[in-house]
Amino acid sequence: MTMKNCQSCGGQLEQTLDQCPSCGAIQESFAYTSKTAAAVLAFFGGNFGLHRFYLGQWWGVLYLLLFWTYIPALVGIIEAIVFSLRDQQTWNAQYNKGISFGREKGGLILIIVLTVGMIFILGILAAIALPAYQDYTIRAKMTEPMLDAAELKMIVAEHVLVEGAWPQSLASTGSDFRPQSSLVQSATIEDGVIHIQVAPATGTQGELIFVPSYEEGEVTWSCEESTVPARYLPAACR
């Protein structure tokens, strides 16, 4: 048999009774508020004042008016901690008319909020992880065009060391170079500058551009002029 405390004398009476058999006080019906549900609502929905509406406090509207500042979200997290740490007796005294047991209205809300909260958290994680994974896969694919670029660099370096001038084109080097990677759409040389057009299969677009310079018998390269998005380029090209 489910029992509850009398709102007047504190004596025990059956949950279904509307009048206390000990003192005769009429029991006022009200919706029992769950401390756990309020804490969860404050944590996940504090930015919109959901916990205040749940507790029947109209000034939850203030949270709605200020939600764009995210200050209510911070306040909600603090309130969630405060609610969680508050003992049940104090909670009942403030929000449940001092009654230690009543009809819960927080169970279903708690389940809904936890479900929505988990979906929200998973959504945030996915929003962070998926782009990072996509960037990683594109950078991995870019290693293949970089290998073809390395071979072209050797061809250009050999030509300038032998001829003393930059090759005007790939054909002028006398090389039968062909891109080894299917991720290279085209590869050309113009006055020693290497242009590699990456294929759409890489997941990005643009050109890898390698500009040579010759000092003290050594050819060095820069690739800052590449039109491929910087986040997909090797560190030296960013």
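Residues numbered from 1 in each chain as written. Predicted model: local features only at pLDDT ≥ 70, side-chain atom pairs only at ≥ 80, totals over all residues. Heavy atoms only, no water.

As named in an unreviewed UniProt entry, the protein chain is NINE protein, taken from Parahaliea maris. For the record of the protein chain, the UniProt heading Sequence similarities (unreviewed entry) holds the text "Belongs to the N-Me-Phe pilin family." UniProt, in the comment section headed Subcellular location (unreviewed entry), describes the protein chain in these words: "Membrane". (UniProt positions renumbered as here; feature names shortened; annotations may be inferred.)

Participant: What am I meant to see in the UniProt feature "transmembrane region" (unreviewed entry) in the protein chain here?
Facilitator: UniProt marks residues 61-85 and 106-133 with the feature "transmembrane region" (unreviewed entry), using the numbering shown here. Structurally, residues 61-85 is divided into 80% helix and 0% strand, and its ends, taken at the C-alpha atoms, are 25 Å apart. (Helix = DSSP H or I, 4+ residues; strand = E, 2+ residues; numbered from the N terminus.)

Participant: Looking at this structure, how should I read the nonpolar core?
Facilitator: A general tendency of soluble globular proteins is for nonpolar side chains to be buried together. Core analysis: the biggest nonpolar cluster contains 21 residues, and M142, L152, I194, I196, L208 and V228 have the highest contact counts within it. Elements that contribute at least two residues to this core include exactly α7 (143-163), β3 (184-190), β4 (193-198) and β5 (207-215). The leading source of residues in this core is α7, at four residues. Beyond its immediate chain neighbours, meaning those up to four positions away, I196 contacts P145, D148, A149, L152, V184, S186, A187, G206, E207 and L208. Formed by eleven residues, the second largest nonpolar core is a distinct cluster that contains A37, A80, F83 and Y95. (Core = buried A, V, L, I, M, F, W, Y, C linked by side-chain atoms within 4.5 Å. Buried < 20%, exposed > 50% of the residue type's maximum accessible area, 1.4 Å probe, protein only. Contact = heavy atoms within 4.5 Å.)

Participant: So what exactly am I meant to see when it comes to the side chain of H195 here?
Facilitator: Here H195 shows up in strand β4. Contact partners of H195, with chain neighbours within four places excluded, come to S186, A187, T188, E190, E207, L208 and I209.

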